[in-house]
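Residues per chain, in single letters:
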Amino acid sequence: MRSADMDIAVLGCYMNLADPDPVRLQEAKEKYYAHFRLASLMGAAMVGTETGAPNSAYRYDEQTHSDAALKTFLYNLEDVVAEAEARGATLAIEPVWRHIVYNADRAVEVLNSIGSQNLRIIFDPVNLLDLDNVERRDFVFADAIDKLGDKVAMVHLKDYRIENGKMVSVAAGTGEMDYTRILRFMKHSKPYIHATLEDTCNENAVQARVSIQQMYDRIE
């Protein structure tokens with residue numbers, strides 16, 4: 001990759017570190033370890049992940065936001081971060097409303113508990129939203145930037161629409177998202193940060209990039 005002058009922003013490893021099945025959990029940990037080895041070889045800036053759910057289906061349930069689920073996640077995360085440190089790699093976790101680490105406060109709790117410079121944050125604004133808080137999205141974004149901004153190592157950019165009473169993720173610039181606060185944070189606080197476009201397809205990927213670039217250029 002280096003000989004081809006390719007810049008790999010993130011190597012994704014989206015496994016469930018709260019899986020109650022010990023065999024599946026160990027398999028997940030081994031995949032993280034392998035990704036750290038690959039990240040070093042490929043020159044990837046970080047290994048990215050989400051924070052799971054306390055069931056083998058990796059599905060939101062009534063226990064997902066519980067303190068018990070967070071305790072399980074933290075216990076298993078320690079081993080993975082220790083391996084990242086040993087490999088000189090960075091692990092970046094992505095808070096998602098329907099996962100264990102679902103808001104900025106939960107993410108701060110994880111960062112403080114693990115206490116490692118090798119643990120960072122992927123900021124996906126849309127993933128912090130749900131029908132319960134979407135009307136307060138600007139507060140949600142501001143809160144995340146205020147509490148996590150220094151630890152943000154990557155931004156994921158996508159959009160959303162409300163369809164049939166559900167939030168649906170779509171390509172940037174094709175939904176109801178207001179990117180003003182996000183792009184201002186990127187431009188003024190993280191001018192060299194990597195950002196990836198999500199939920200695009202061949203038909204809209206270029207337009208999504210152009211839309212974001214135009215909005216970014218207008219930010220003062």
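Let me begin by describing the structure that accompanies this report. Each chain has its residues counted from 1, following the order in which its sequence is written. Local features in this predicted model are restricted to residues of pLDDT 70 or higher, and side-chain atom pairs are both shown and tallied only at a pLDDT of 80 or more, whereas totals for entire chains, interfaces and linings draw on every residue. Derived side-chain values reflect all non-hydrogen atoms in the structure, with water molecules and hydrogen atoms excluded from consideration.

### Side note on the sheet that holds strand β3 (residues 91-93)
Turning to step 1, where the next piece is worked out: A strand pair is defined by DSSP finding two or more bridges across the two strands. Numbering goes from the N terminus for both helices and strands, where a helix is a DSSP run of H or I of at least four residues and a strand is a run of E of at least two. Taken in spatial order, the 6 strands make up an open sheet running β1-β2-β3-β4-β5-β8, and their pairing is parallel. The open sheet has two edge strands, β1 (11-12) and β8 (194-197), and neither has a second partner.
Turning to step 2, where the next piece is worked out: The pairing of β1 with strand β2 (residues 47-49) spans 2 bridges and is parallel. Of the residues in β2, the one forming a bridge with Leu11 is Val47.

### Details of the pairing of strand β7 (residues 166-170)
Turning to step 1, where the next piece is worked out: Across 5 bridges, strand β6 (residues 159-163) lies against β7 in antiparallel orientation. When the sheet's bridge partners are listed, Asp159 is paired in β7 with Val170.
Turning to step 2, where the next piece is worked out: Here β6 folds back onto β7, and the loop between the two strands holds 2 residues, one of which, Asn164, carries a positive phi near 55 degrees.

### Digging into the packing of aromatic side chains
Turning to step 1, where the next piece is worked out: Stacked, tilted and edge-to-face are the three classes assigned to paired rings of Phe, Tyr and Trp, where Trp is represented by its six-membered ring and a pair needs centres within 6.5 Å; plane angles under 30 degrees give stacked, over 60 edge-to-face, the rest tilted. Overall, the coordinates contain 2 aromatic pairs when judged by the stated rule.
Turning to step 2, where the next piece is worked out: A centroid spacing of 5.3 Å and a plane angle of 90 degrees characterise the contact between Trp97 and Tyr102, whose relative ring orientation is edge-to-face. The same class applies to Trp97 as to Tyr102, namely buried.
Turning to step 3, where the next piece is worked out: Measuring from ring centre to ring centre gives 6.2 Å for Phe123 and Phe185, while their planes differ by 80 degrees; the resulting arrangement is edge-to-face. Summary of the burial criterion: residues with accessible area below 20% of their type's maximum are buried, those above 50% are exposed, and those between are partly exposed, where the area comes from a 1.4 Å probe applied to protein chains only.

### Description of the pairing of strand β4 (residues 119-123)
Remember that side chains alternate between the two faces of the sheet whenever the strand is regular.
Turning to step 1, where the next piece is worked out: Counting buried positions along β4 yields 5 of 5 residues, so the element is predominantly enclosed.
Turning to step 2, where the next piece is worked out: By the alternation rule, side chains of β4 split into Leu119, Ile121 and Phe123 and Arg120 and Ile122, which are all buried.
Turning to step 3, where the next piece is worked out: For β3 and β4, the ladder comprises 3 bridges, and the chain directions are parallel. The partner of Ala92 across the bridge, within β4, is Arg120.
Turning to step 4, where the next piece is worked out: For the crossover that starts at β3, traverses helix α3 (residues 104-114) and ends in the parallel β4, the hand is right-handed. Clockwise travel from the first strand over the helix to the second, with the strands pointing away from the viewer, marks a crossover as right-handed.

### As for the pattern of salt bridges
Turning to step 1, where the next piece is worked out: Throughout this description, the term salt bridge denotes a Lys or Arg side-chain nitrogen within 4 Å of a carboxyl oxygen of Asp or Glu. Tallied over the full model, the rule gives 11 salt bridges.
Turning to step 2, where the next piece is worked out: For the salt bridge of Arg106 with Glu109, the shortest nitrogen-to-oxygen distance reads 3.7 Å. Taken together, the residues Arg106 and Glu109, both in helix α3 and 3 residues apart, mark about one turn of the helix.
Turning to step 3, where the next piece is worked out: By relative accessible area, Arg106 is classed as buried at 8%.
Turning to step 4, where the next piece is worked out: The class for Glu109 is partly exposed, based on a relative accessible area of 40%.
Turning to step 5, where the next piece is worked out: A salt bridge links Arg181 to Asp138, with the shortest nitrogen-to-oxygen separation between them at 2.9 Å.

### Brief notes about the packing of helix α1 (residues 22-42) against helix α2 (residues 67-87)
Turning to step 1, where the next piece is worked out: At a closest axis distance of 10 Å, the pairing of α1 and α2 adopts a crossing angle of 20 degrees. Considered as vectors, α1 and α2 are oriented roughly parallel to each other. Read as a crossing pair, α1 and α2 show a hand that is right-handed. Where α1 approaches α2, its residues Leu25, Lys29, Tyr32, Tyr33, Phe36 and Arg37 are matched on the opposing element by Asn76, Asp79, Val80, Glu83, Ala84 and Arg87.
Turning to step 2, where the next piece is worked out: Ten residue types, Ala, Val, Leu, Ile, Met, Phe, Trp, Tyr, Cys and Pro, are classed as nonpolar, four, Asp, Glu, Lys and Arg, as charged, and the remainder, Gly among them, as polar. Each residue belonging to the contact of α1 with α2 can be placed in one class, and the counts come to 6 nonpolar, 1 polar and 5 charged. Axis definition: a line fitted to C-alpha atoms, limited for helices to the stretch in contact. Angles are taken between N-to-C directions and run from 0 to 180 degrees. Any angle that falls under 35 degrees is termed roughly parallel, while one over 145 is termed roughly antiparallel, one within 65 to 115 roughly perpendicular, and all others oblique. Two helices cross in a left-handed way if the nearer one is turned anticlockwise from the farther one by less than a right angle. They cross in a right-handed way if the turn is clockwise. In what follows, a contact means two residues having at least one pair of non-hydrogen atoms within 4.5 Å.

### Quick look at the nonpolar core
Turning to step 1, where the next piece is worked out: Side-chain atoms within 4.5 Å link the members of a nonpolar core, which is a set of buried Ala, Val, Leu, Ile, Met, Phe, Trp, Tyr and Cys residues. Membership of the largest hydrophobic core comes to 58 residues, with the highest contact counts inside it found for Leu77, Leu91, Val110, Leu119, Phe123 and Ile182.
Turning to step 2, where the next piece is worked out: It is α2 that provides the largest number of residues to this core, a total of 8 residues.
Turning to step 3, where the next piece is worked out: Apart from the residues within four sequence positions on either side, Leu119 is in contact with Leu77, Val81, Leu91, Ile93, Val110, Leu111 and Ile114.
Turning to step 4, where the next piece is worked out: Within the second largest apolar cluster, 5 residues are counted, among which are Ala9, Ala92, Ile122 and Met154.

Any functional reading would require information beyond the geometric quantities listed.
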